Amino acid sequence: MKAANSGCLVLGVCNGCQLFVELGLITPNHKNRPKMLHNDSGKFECIFTAVTIEKSKSIILSGLEGCTLGIWAAHGEGKFSFPLQESKYQIPGKYLYDQYPSNPNGSDYNAAMLASENGRHLVMMPHLERTTFPWNWG
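Here is a short report on the structure shown in this document. Predicted, not measured: the structure shown is a model, and the values here were computed from it.

Scoring rules and cut-offs
Residues numbered from 1 in each chain as written. Predicted model: local features only at pLDDT ≥ 70, side-chain atom pairs only at ≥ 80, totals over all residues. Heavy atoms only, no water. Helix = DSSP H or I, 4+ residues; strand = E, 2+ residues; numbered from the N terminus. Buried < 20%, exposed > 50% of the residue type's maximum accessible area, 1.4 Å probe, protein only. Contact = heavy atoms within 4.5 Å. Pairing = 2+ DSSP bridges. Axes fitted to C-alpha atoms, helices over the stretch in contact; angles between N-to-C directions. Polar contact = N/O pair within 3.5 Å; in protein donor to acceptor, adjacent residues only side chain to side chain.

## Comments concerning the overall build of the chain
Argument step 1. Per the secondary structure count, the chain includes 2 helices and 8 strands.
Argument step 2. If you list the helices and strands of the chain from N to C, you get β-α-β-β-β-β-β-β-β-α.
Argument step 3. Burial analysis of the chain (138 residues in total) assigns 44% to the buried set.
Argument step 4. For the chain, the proportion of contacts with a sequence separation of at least 24, taken over those separated by at least 6, is 68%.

## Structural notes on the sheet that holds strand β7 (residues 113-115)
Argument step 1. Spatially, β1-β8-β7 is the arrangement adopted by the 3 strands of the open sheet, whose pairing is mixed. Each edge of the open sheet is held by one strand with a lone partner, namely β1 (10-13) and β7. Pairs of neighbouring strands in the sheet enclose a mean axial angle of 15°, with direction left out of account.
Argument step 2. Alignment of β7 against strand β8 (residues 121-124), held across 3 bridges, turns out to be antiparallel.

## Some thoughts on the environment of T52
Argument step 1. Tracing the backbone through its elements, the reader meets T52 in strand β3 (residues 45-53).
Argument step 2. Distance from T52 to A112, taken between C-alpha atoms, is 9.1 Å for residues 60 residues apart in sequence.
Argument step 3. Look past the residues within four positions of T52 in its chain and what remains in contact with it is C67, T68, P92, G93, K94 and L96.
Argument step 4. At a separation of 3.3 Å, a polar atom in the side chain of T52 contacts the side chain of T68.

## Let's talk about the pairing of β8
Argument step 1. Of the two faces of β8, the one lined by H121 and V123 and the one lined by L122 and M124 are each fully buried.
Argument step 2. Where β1 meets β8, 4 bridges bridge the pair, whose relative direction is parallel. For V10, the partnering residue across the bridge sits in β8 and is H121.
Argument step 3. Linking two consecutive strands that pair antiparallel, namely β7 and β8, is a turn of 5 residues; a positive phi of about 80° is found at G119 within it.

Here is the structure:
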């Protein structure tokens with residue numbers, strides 16, 4: 001986790017997202033931190049959905065604001081649960097629609113991604129690597 005505390009750019013996908021959120025590395029200055037919870041459906045979800053890139057401080061997603069991207073989501077504990085109001089977070093990616101199945105986990109604020117305040121660290125539940133090379137994932 002040394003990279004999370006350095007000036008590096010860091011990307012955490014799925015389990016990496018869960019780890020970074022659980023360790024408080026994305027919101028280190030918050031007393032009450034976000035949590036990753038079980039999907040509202042109570043089951044593992046594997047779905048091709050869409051995410052809209054929002055204006056944020058995310059360096060990795062800079063220049064993609066306003067784009068809607070097709071992306072695979074595959075997780076059982078992918079629900080972002082935020083204790084604070086939306087304006088306290090950098091949420092650079094949101095599911096296109098707030099209803100199931102587009103938002104496959106029921107995340108607060110329709111969040112699919114979360115970035116650190118400085119924009120150097122990005123975590124997401126959807127699997128961008130499955131979208132890039134779908135033929136490898138059967």
